[in-house]
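# Examination of the molecular architecture
What follows is the residue order along each chain.
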Amino acid sequence: MMYVSLRQLRTFETVARLKSFSRAAEEMHVTQPTVSKQIRLLQEEIGLPLFDQIGKKIFLTEAGERLYVACVDWFETWGRFEQTIADLKGIKQGRLRIAAVTTTQYFMPRLLGPFCAQYPGIDIALEVVNRDRLLERLAHNQDDLYVMGVPPDELDIEREPFMENPLVVLAPAAHPMARRKRIPYADLANEPFVMRERGSGTRLAVERVFQEWNVPLKIKMELGSNEAIKQAVAGGLGLAILSQSTLRLDPSQNEVTVLNVRGFPIKRYWYVVRPRDKRLSIVANAFLDFLRTHVQLLAPRR
Ligand code: PGA
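These numbers come from a predicted model, not from an experiment.

Along its length, the protein chain carries nine helices and 12 strands. When its C-alpha atoms are laid out on the principal axes, the protein chain stretches across 75 × 50 × 35 Å. For the protein chain, the proportion of its 302 residues judged to be buried stands at 48%. Pairs at least 24 apart in sequence give 75% of the contacts found in the protein chain among residues at least 6 apart. Summed over all atoms, the accessible surface of the protein chain reaches about 16,200 Å², with 52% contributed by carbon and sulfur. A gap of 6 Å separates the mean positions of the 42 positive and 35 negative side-chain charges of the protein chain.

What follows is the structure, given as structure tokens:
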């Protein structure tokens, strides 16, 4: 009889899925030595190595592959069991797992406030990650619902737009273009841009639009945070194209301004996404209904 803990199995599943101890530690919000220790204990109990390390890459051994299949099966069964229990208890209790892209940080927590007030027994696990990481979570069915601006075409999903998500061009308030009206978008070709990192939905949307317009995009600097980008724009490092959501409640707004460029704001939406055949828990359905009825309150100001 082997004695393995749920924690060891969760750690193993995460490392095996992400093929990295450090990313697993990050996702699980623990340190890397904690991850290594859990894996070591698990290996000792099983009596065979689970991973091979070649250079910096890790691979599953045959025992590791088999354990991974067993883990995925087991967690799926357990997830269904938890959902059944939550459904038996009804809407009053349960857990809602949402993964949302970085830029939703400007409205998701504020949306969840009134939802939690309406259903005080519901716990929320909100993972805020960029689009690439969110797609990985979606492909592995890790959450109930996903919120993003650029849903993937390659996965079989249902998508529902629930709020506008326009892209705007930001410049320092004193920029020479700031007073111009109806600037042709071709003029953006000469400007240095501060851009979000690769893997970000904003970045992808901007690249697609510039490609469609046949305008070269001069990237001066890449930053992984919308807030840092606004600071960089205020500091005169370049222009930026960001979701209008990033401008809400911003005290530094006076240092940056929205340029009047033809073709902007680029019209987009925020979508709530889920795998097509996923059976939603009662709690997740309650949140969808809540989104459908409450989001107009948060629609961007014009
Ligand atoms: P991002 O996505 O936060 O990953 O850039 C935002 C969006 O798609 O609008």
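This part covers the sheet that holds strand β12 (residues 269–275). Across the sheet, which stays open at both edges, the five strands sit in the order β4-β3-β5-β12-β6 with mixed pairing between neighbours. Taken across any chain shown, the strands that pair with only one partner, and hence form the sheet edges, are β4 (122–129) and β6 (157–164). Taking the axes of each pair of neighbouring strands and ignoring which way they run, one obtains an average angle of 25 degrees across the sheet. As paired elements, strand β3 (residues 94–101) and β4 share eight bridges and run parallel to each other. Paired with R95 across the two strands is D123, which belongs to β4. Strand contacts of helix α5 (residues 108–118): β3, β4, β5 (145–148) and β6, with the helix running at about 175 degrees to β4, the strand carrying the most contacts. Sitting on the sheet, helix α6 (residues 131–139) touches β3, β4, β5, β6 and β12, and the angle it makes with β5 is about 160 degrees.

Once that is clear, we can look at the packing of helix α1 (residues 6–18) against helix α4 (residues 62–89). Between two packed helices, both the angle of their axes relative to each other and the distance between the axes serve to describe the pair. Across the interface, α1 lies against α4 with an axial gap of 10 Å and an inter-helix angle of 115 degrees. Of the two elements, α1 crosses α4, and the hand of that crossing is left-handed. Counting all contacts with α1, which are made through L6, L9, R10, F12, E13, A16 and R17, the residues of α4 involved are G64, L67, Y68, C71, W74, F75 and W78. Along the lines of polarity and charge, the residues of the contact of α1 with α4 split into 10 nonpolar, one polar and three charged.

Quite often, the size of an interface is put as the accessible area lost when its parts meet. Segmentation of the protein chain into domains returns domain 1 (6–69), domain 2 (93–164 + 269–298) and domain 3 (167–258). Of note, the centres of domain 2 and domain 3, computed from C-alpha atoms alone, are 27 Å apart. Contacts between domain 2 and domain 3 engage 11 residues on the former and 18 residues on the latter. Counting the surface lost from both domain 2 and domain 3, the interface buries some 1,100 Å², and carbon and sulfur atoms represent 49% of this. The interface formed by domain 2 and domain 3 holds zero salt bridges in total. The tally of links from domain 2 across to domain 3 stands at eight residue pairs in polar contact (both at pLDDT 80 or more). Tallied by class, residues from the side of domain 2 that touches domain 3 come to five nonpolar, three polar and three charged.

The next subject is the nonpolar core. Of all hydrophobic cores here, the largest spans 35 residues; its most connected members are L96, M108, L111, L134, F162 and F287. Secondary-structure elements contributing two or more residues to this core are β3, α5, β4, α6, β5, β6, β12 and α9 (282–294). Not counting chain neighbours up to four residues away, the residues in contact with L134 comprise A99, A100, V101, V129, Y146, V147 and M148. In terms of nonpolar packing, the next biggest core, distinct from the first, is built from 22 residues, V150, A189, M195 and F264 among them.

On any regular strand, side chains alternate: one points to one face of the sheet, the next to the other face. Pairing analysis gives four bridges linking strand β1 (residues 51–54) to strand β2 (residues 57–60), with the strands arranged antiparallel. Along β2, the bridge assignment pairs D52 with F59. Linkage of β1 to β2, two consecutive antiparallel strands, is achieved through a turn of two residues, within which G55 is found at a positive phi near 60 degrees.

Turning next to the packing of aromatic side chains. What the rule picks out here adds up to 15 aromatic pairs. A centroid spacing of 5.5 Å and a plane angle of 45 degrees characterise the contact between F12 and F51, whose relative ring orientation is tilted. Of this pair, F12 sits in helix α1 while F51 sits in strand β1; the two residues are 39 residues apart in sequence, bridging distant segments of the chain. Judged on exposure class, the residue F12 and its partner F51 are both buried. Grouping aromatic residues by their ring pairs yields a cluster made of Y185, F193, F210, W213 and F264.

Each value, and the rule that gives it
Residues numbered from 1 in each chain as written. Predicted model: local features only at pLDDT ≥ 70, side-chain atom pairs only at ≥ 80, totals over all residues. Heavy atoms only, no water. Helix = DSSP H or I, 4+ residues; strand = E, 2+ residues; numbered from the N terminus. Buried < 20%, exposed > 50% of the residue type's maximum accessible area, 1.4 Å probe, protein only. Contact = heavy atoms within 4.5 Å. Areas by Shrake-Rupley, 256 points an atom, 1.4 Å probe, with all protein chains shown as cover. Lys, Arg positive; Asp, Glu negative; His and termini not counted. Charge placed at Lys NZ, Arg CZ, Asp CG, Glu CD. Pairing = 2+ DSSP bridges. Axes fitted to C-alpha atoms, helices over the stretch in contact; angles between N-to-C directions. Left-handed = near helix turned anticlockwise from the far one by under 90°. Nonpolar A, V, L, I, M, F, W, Y, C, P; charged D, E, K, R; others polar. Domains from an automatic or database assignment. Buried area = accessible area lost by both parts, 1.4 Å probe. Salt bridge = Lys/Arg side-chain N within 4 Å of Asp/Glu carboxyl O. Polar contact = N/O pair within 3.5 Å; in protein donor to acceptor, adjacent residues only side chain to side chain. Core = buried A, V, L, I, M, F, W, Y, C linked by side-chain atoms within 4.5 Å. Phe/Tyr/Trp six-rings, centres within 6.5 Å; stacked < 30°, edge-to-face > 60°.

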